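Structure assessment
Here's the letter readout for the chains.
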Amino acid sequence: MAKICAAVLLMLNALGPITGIKLNGSGYSDILIAINPAVPQNENIINQIKGMISDASVYLFQALDKKVYIKEVKILVPPDWKGSYNKARTETYKKARVIIDHPHPAFGDDPYTKQMKGCGEESDYIHFTPDFLLNDSLVNVYGPRGRVFVHEWAHLRWGVYDEYNEKKPFYFSDSQEIQPTRCTKEISGKWYELINGNKLPCRQDQSGLPTKECRFFPDRDQKTNASIMFMQSLDSVTTFCHEGEHNKEAPNMQNDKCGLKATHTVIFQDSVDKDSFKTLTPLQSPAPNTTFKVIQRRNRVICLILDVSGSMQGGRILRQQQAATLFLSDIVEEGAFVGIVQFSTSARIISSLTKIQGKDSRDRLIKQLPIIASGSTNMCTGLAKGFEVLREDDKSAIGDDVIFLTDGEATDNIAGCLDSAVQSGAIINTLALGPSASSVLITMAARTDGKFVVANDSLLSNQLVEAFSSFTTSDGDPIKQTIQLASTGLNVDDWFNGTLPIDRTVGNSTTFTIIYERSTPTVYIQTPSGSVYNQTHITDNAAMKTVTLNIPGTAEPGDWQYSFFNKEAKPQTMALTVTSRAASFDVPPVIVNAQMNQLSSDGSKPMVVYADVSQNYLPVLGANVTATLQSDKGHSVKLYLLDNGAAADVKLDDGIYSRYFTNLKTGRYSLKVQVTDHKDVRDKKFQPSRYSAALYIPGYIVNDELELNPQKPPINVQSADVGSFSRIATGESFVVNVSPGVPPPNFPPNKITDLSAEIQGDSVLLNWTAPGEDYDQGTAKSYEIRWSNNLQMLQKNFSDSNLVNTSTLQPNESGSAEHLIFYPENIIQNGTTLFFAVQSEDTGAMKSEVSNIARATKFVRSPRPPGISNPGLNLTAIVVSVCVVTTVACLIAVITTWALKRKKAIRA
C-alpha cells in the first residue's frame, strides 16, 4: 500500500495543478467565469465581462512589469439561456473562480473575494454582481472595472489582502501622528465628517482617534503610483506596493496576515506563481489580446459504471446496490439523464439513458441495478461501454458525468485507456471501495476534473451511501440540490433512538432511509407536532435490506424523534440516512462544503480541513462542526473545527470553520463533516466579518473641494438565522504518504495570529487564542512575550526586544482565550505607543513562528476635544491644543465669574 501511495503522490506532484487557472508562459489561461442560473438572460453581461477582462489584462500587464497578461477566459452561461453557445466540457458553476450572481446580502454590489486560506495561497472565488457590470454609475465609486478585477485577482490568485481597514480606518503612527490606514503613506487627502450633506471637521473618540463617522477622502490627483490593494480607483495607481514604499505601520489585513510584507513581495516570493516569475522576462510588445469562449451546460447526463467482479460478492455488491438506490431515488435531480453499465471480465449496458421524470423513472432504473458478482476486473471495457451510453443523446460524451465504482486492481492495462478517457471530455468521478481499489482512480479523476472518493464497505460507517450522496448537481442552483441531513450507524441491541432537527430552509422530498443488517426493525418516527409515522407508512425492500419513509409534502420544521427497534435476540447493525431539498424557491437552504487545503501530502507539513457553512452567501455562525478523517488502513481522526480567527482559521466569524490535521499516517482518506447549530449561542447576535473587497470610495478631493459619489445603499449586516439544523457533507478524498521508517514529525505550536493589546492606565492587557502542542492540537508548554516602542525592532529582532515576565503564565488548551496584564515600569506616558509579540514553545523545545504584532497607544484628552481636519496631525499637538483650550476655557470662566460678582457688587 505504501508503494502505491508513494507512486500516486509522485504522479500528482509531477502533474501539478490539474485543473483551475494556469500560467502558461506569460499568459493566464483556463479562467472560468460563471453566471448563476438565477441571473436573467442579458447578453450585455457577456459583453461587459469581456470588456472588463480585456481592460484588466492591460492593467495587470502594466502592474507586473509587463511579465504577465490574461490569455484565455471561458464564460459559462446558465443552462436555460437561449442562444448558440459552445458545449461545456468539464467546466461547471461550482468550479468557477469568478462568479456573476445576485448581491451578497451583507455586501451589496461590493466586488469581493472569498479567502479561506492564508497569505500567499489561492482563494476560492471572486463575486461580481450583474449591477456592478451593467451600472456605469458604480465606476466612479469603485474605479474602472478592469482595475477592480485586478484588485480582486490579487486576492484570488496570490493570496494578498486589503491595505485599508474599515474597522480601523485611522491609527497612531510611530511619530505620534494620526494617519489613515493606507499603503502607501504618500496617498494624500483630507478627513471630514458628513452630516446632512455638510462637511465638518472630524471629532475624536475616547481613544484619541477620529470617530467612526470620520472619512478619509483622497485627492483625485496623486503623485504616487501605488497601491492597487488600497485604492485602485485612483488614476495614478498602476502598481502594487513594493517594500520601499510599504506602510508597515498600517493596521490592515495585509500586514496582519502576511507578516508586514508588501503585496509585491508576497506575489513574487510567496504565491503559487513565484517560481514562474523567476524565469519570466518582460515582453517587449504590448500585451496580446485576451481570447474568450462562451460555453453552456445543458441537461445533466450521468452514467453509473459499476464493478460486479468476483471480489464484489456478498456484502459489497449489496452495499453498492443500496447506495446506488439512494442516489437514483433521492440524489439525482429531475430532468437529468441516467444510464447504467456493469463490468467485470466484460461489460454490459443494463440501462440506456433514461430521463428522470418522477418516481416511475427512478424505480425502473433501481430495478436494473446489478445484484450478482463474478469474474475479473476489466476497467477499460467498463469505461468504453459507459462512453457508449453517454453518446446516446448527442453522439458525444463531452461534459457528461461518470460515477465509476470499483473495489479492486485492474486486470487489464488501465493506463492504456486513461488517455482515451481524458480525451472523451467526460467528467469522471471515481469511487474506490475498500483498500485494494486501483490507485489509477485518483489520476483519472484528477485528469478529467472529477472527484475522487474512498469508502469502506462497513454498514456501520455508512461511507458508501455518503459517497454517492456527495455527487449532487453543481450548476449553482441550491434549490435543485439534495441535502443530506443525517448519516449515522449503530450496532443495535434493542432501540436505535435519536433527534433530528429539520430547519425551515429544507423539507421538500424528505426521505428517511434505514439500512439494516438482517431483519426489518420496527419503525417509529414522530413529527414536532406529535404525528407519528410507523410500519404502515414505510416501504420495506427485504431483498435490499432497506426501509424507506417518504414524508409527503413539506416536512414540518422542528425536532423529529426517531426510534428503530431491533426485534432479534442478538444485536444487528443499522444505518440511518435522511435527505431533503429546499422548502421553497425563495428561501435558499443552508449548504455545507467540505474540503482539504490540498489533496496529497508527504506528511512533512500539517494539512488543513475546511468546512464552509452558509445560507445564500451569509455565514452560519456559532455552529458545532466536526470533521471525521478516516483512511483505508483504519486510521481515524475526529477534529472539532473552529471559526475563531486563530491558528488555521483565517478570519473570525466568516462561516468558514477550520483546523489543522497533524496526525498524518499513510493512506487514502475520506472526509466527512457533520454540522449542527450550537444551542448555547443560537440566540446571540453576530456581526459576520467582511471578505476581501474593493473599497467603496465616498468621494474625492478635486481642486481642494469635496466631490461626493452616490451614497452607498444601507445594508443590514447580519448572519444567517435558521434555528436548529443538521447537515452532513462529504469532501473529496486525499492521499497521505509518509516514507517508511520515518518517525512522525514534531510539529511546533501554531503561530498566534490574533494577539491584541490595550493600555489601561499604567498596565497593558494582552489577549490571544492559545496555540497547541502540535499546531492547534493539545497544549503548548510556555510563552515568550516581548515588547518594544519600535515596530521594526520587534519585527526584525524579536529575541533582543524587552521581555515580559511570564513565569506564572501557564498555557491553556488550544483554542482557549488567553489574557495577561502586566505593568511596564515608568514608560507609559501620554502619547506612548507600544508594540507586542508572542512566541510559544512545546515540550520538545520546538518554537512557533512569532505572532502578529499588536499595538497599543495611551491617549488622554479633555471631555471636549478640538476638531480634526488634517491628516497626519501630531498627537503632541493635539494634547497641547487640548491643554490650551482647557486653559482658555478656565480663564474665561474665572473672568466671567469675577465680572458677574463685580456687577452684583455695584448694583448692591
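Our subject is the structure that appears above.
Residues numbered from 1 in each chain as written. Predicted model: local features only at pLDDT ≥ 70, side-chain atom pairs only at ≥ 80, totals over all residues. Heavy atoms only, no water.

Points about the overall build of the chain
A tally of helices and strands in the chain yields 17 helices and 49 strands. Since a compact globule built from 908 residues should have a radius of gyration of about 29 Å, the 31 Å found for the chain is in line with a globular shape. Burial status across the chain gives 57% buried among its 908 residues. Considering only contacts within the chain whose residues lie at least 6 apart along the sequence, 75% involve residues at least 24 apart. Counting only carbon and sulfur atoms, one obtains 50% of the accessible surface of the chain, whose full area is about 37,200 Å². Taken together, the 87 basic and 94 acidic charged side chains of the chain have centroids lying 2 Å from each other. (Helix = DSSP H or I, 4+ residues; strand = E, 2+ residues; numbered from the N terminus. Rg over C-alpha atoms; globule rule 2.2 N^0.38 Å. Buried < 20%, exposed > 50% of the residue type's maximum accessible area, 1.4 Å probe, protein only. Contact = heavy atoms within 4.5 Å. Areas by Shrake-Rupley, 256 points an atom, 1.4 Å probe, with all protein chains shown as cover. Lys, Arg positive; Asp, Glu negative; His and termini not counted. Charge placed at Lys NZ, Arg CZ, Asp CG, Glu CD.)

Observations regarding the nonpolar core
In terms of nonpolar packing, the biggest core is built from 119 residues, with Tyr28, Ile35, Phe149, Trp158, Phe240, Leu629 and Phe661 touching the most fellow members. Ranked by the residues each element gives to this core, the list is headed by helix 2 (residues 43-63), at 9 residues. When residues no more than four places from it in sequence are discounted, the contact partners of Phe149 are Met52, Ile53, Ala56, Ile70, Val98, Ile126 and Phe128. Membership of the second largest hydrophobic core comes to 37 residues, among which are Ile317, Ala324, Ile350 and Val465. (Core = buried A, V, L, I, M, F, W, Y, C linked by side-chain atoms within 4.5 Å.)

Side note on the state of the cysteines
Counted according to the given criterion, the structure contains 4 disulfides. Here Cys202 connects covalently by a disulfide to Cys214, the sulfurs 2.0 Å from one another. Because the sign of the S-S torsion sets the handedness, a value of about 80° for the bond joining Cys202 and Cys214 places this disulfide among the right-handed ones. Here Cys214 lies in strand 14 (residues 214-218) and Cys202 lies in the loop between strand 13 (198-200) and strand 14, a separation of 12 residues in the sequence. Judged by its relative accessible area of 0%, Cys202 is buried. (Disulfide = S-S within 2.5 Å.)

Structural notes on the sheet that holds strand 43 (residues 756-760)
Taken in spatial order, the 3 strands of this open sheet run 43-44-47, and their pairing is antiparallel. Where the open sheet ends on each side, the last strands, each with one partner, are strand 43 and strand 47 (817-822). For this sheet the average axis-to-axis angle between neighbouring strands, irrespective of direction, equals 20°. (Pairing = 2+ DSSP bridges. Axes fitted to C-alpha atoms, helices over the stretch in contact; angles between N-to-C directions.)

Description of the pattern of salt bridges
Here the idea is simple: oppositely charged side chains can pair when their charged atoms come close. Evaluation of the coordinates by the stated rule reveals 35 salt bridges. A salt bridge links Glu122 to Arg97; its shortest N-O distance comes to 3.9 Å. A residue pair is termed long-range when its members are at least 10 positions apart, and Glu122 in the loop between strand 8 (112-114) and strand 9 (125-128) and Arg97 in the loop between strand 6 (86-87) and strand 7 (98-100) qualify at 25 residues. For Glu122, a relative accessible area of 23% corresponds to the partly exposed category. Note on Arg97: relative accessible area 15%, which makes it buried. Two residues, Glu517 and Arg518, come together in a salt bridge whose shortest N-O distance is 3.4 Å. Using a relative accessible area of 34% as the deciding quantity, one classes Glu517 as partly exposed. Owing to a relative accessible area of 32%, Arg518 belongs among the partly exposed residues under this scheme. (Salt bridge = Lys/Arg side-chain N within 4 Å of Asp/Glu carboxyl O.)

With respect to the sheet that holds strand 45 (residues 782-788)
Spatially, 4 strands are ordered 46-45-48-49 in an open sheet, and the strand pairing comes out antiparallel. Single-partner strands in this sheet number two, and they are strand 46 (802-804) and strand 49 (854-857). Sheet twist, expressed as the average angle between the axes of neighbouring strands with direction ignored, equals 30°. Summarising the sheet, strand 45 and strand 48 (residues 833-841) pair through 7 bridges and their orientation is antiparallel. In the sheet register, Arg786 faces strand 48, and the bridge partner there is Ala837.

Considerations on helix 12 (residues 379-390)
Between its first and last C-alpha, helix 12 extends 17 Å over 12 residues, near the 16 Å set by a 1.5 Å rise per residue. The complete set of buried residues in helix 12 reads Met379, Cys380, Gly382, Leu383, Gly386, Phe387, Val389 and Leu390. (Expected span 1.5 Å × (residues − 1).)

Focus: the environment of Cys119
Relative to the helices and strands, Cys119 resides in the loop between strand 8 and strand 9. Given the relative accessible area of 25%, Cys119 is considered partly exposed. A C-alpha to C-alpha distance of 49 Å links Cys119 and Ala347, two positions 228 residues apart in sequence. The contacts of Cys119, once residues within four sequence positions are left out, are Gly159, Tyr161, Lys257, Cys258 and Val266.

Regarding the pairing of strand 24 (residues 506-516)
Counting buried positions along strand 24 gives 9 out of 11 residues, so the element sits mostly inside the fold. Relative to strand 30 (residues 572-582), strand 24 runs antiparallel, the two sharing 8 bridges. Paired with Val506 across the strands is Ala582, a residue of strand 30.

Points about the packing of helix 2 against helix 5 (residues 145-158)
Contact geometry for helix 2 and helix 5: axes closest at 8 Å, N-to-C directions at 70°. Taken as axis vectors, helix 2 and helix 5 run roughly perpendicular relative to one another. Together, Gln48, Met52, Ile53, Asp55, Ala56, Tyr59 and Leu60 of helix 2 and Arg145, Gly146, Arg147, Phe149, Val150, Trp153 and Trp158 of helix 5 make up the contact between the two elements. Residue classes in the contact of helix 2 with helix 5 are distributed as 9 nonpolar, 2 polar and 3 charged. (Parallel < 35°, antiparallel > 145°, perpendicular 65-115°, else oblique. Nonpolar A, V, L, I, M, F, W, Y, C, P; charged D, E, K, R; others polar.)

Considerations on unusual backbone geometry
The omega angle of the peptide bond from Cys183 to Thr184 is 5°, so this bond is cis rather than trans. Among the secondary structure elements, Thr184 is positioned in the loop between strand 11 (178-180) and strand 12 (189-195). In this structure, Ser509 takes a positive phi of about 50° despite not being glycine. The residue Ser509 is located in strand 24 in this model. Overall, Ser509 belongs to the partly exposed group, its relative accessible area being 45%. Of note in this structure, Asp653 is not a glycine but carries a positive phi near 55°.

Re the environment of Ile853
With respect to the helices, strands and loops of the structure, Ile853 is situated in the loop between strand 48 and strand 49. In contact with Ile853, not counting residues within four places along its chain, are Leu260, Leu791, Leu794, Gln795, Phe835, Phe836 and Ala837.

Digging into the packing of aromatic side chains
As enumerated under the stated definition, the model contains 28 aromatic pairs in all. Here the basic side chain of Arg220 rests over the ring of Tyr700, its NZ or CZ set 3.7 Å away from the ring centre. (Phe/Tyr/Trp six-rings, centres within 6.5 Å; stacked < 30°, edge-to-face > 60°. Lys NZ or Arg CZ within 6 Å of the ring centre and 35° of its normal.)

Examining the side chain of Glu466
Structurally, Glu466 is set in helix 15 (residues 463-469). Look at Glu466 and you get buried, because its relative accessible area is 3%. A distance of 2.5 Å separates a polar atom in the side chain of Glu466 from a polar atom in the side chain of Ser487. When sequence neighbours within four positions are dropped, the list of residues in contact with Glu466 reads Ser461, Gln484, Ser487, Lys672 and Thr730. (Polar contact = N/O pair within 3.5 Å; in protein donor to acceptor, adjacent residues only side chain to side chain.)

A few points about the packing of helix 10 (residues 315-331) against helix 11 (residues 358-367)
If you want to describe how two helices pack, look at the angle between their axes and the distance between the axes. Axis separation between helix 10 and helix 11 bottoms out at 9 Å; the angle between their running directions is 170°. Between helix 10 and helix 11, the angle is such that the two are roughly antiparallel. Where helix 10 approaches helix 11, its residues Thr325, Leu328, Ser329 and Asp330 are matched on the opposing element by Arg362, Leu365 and Ile366.

These results come straight from atomic positions and should not be treated as a statement about function.
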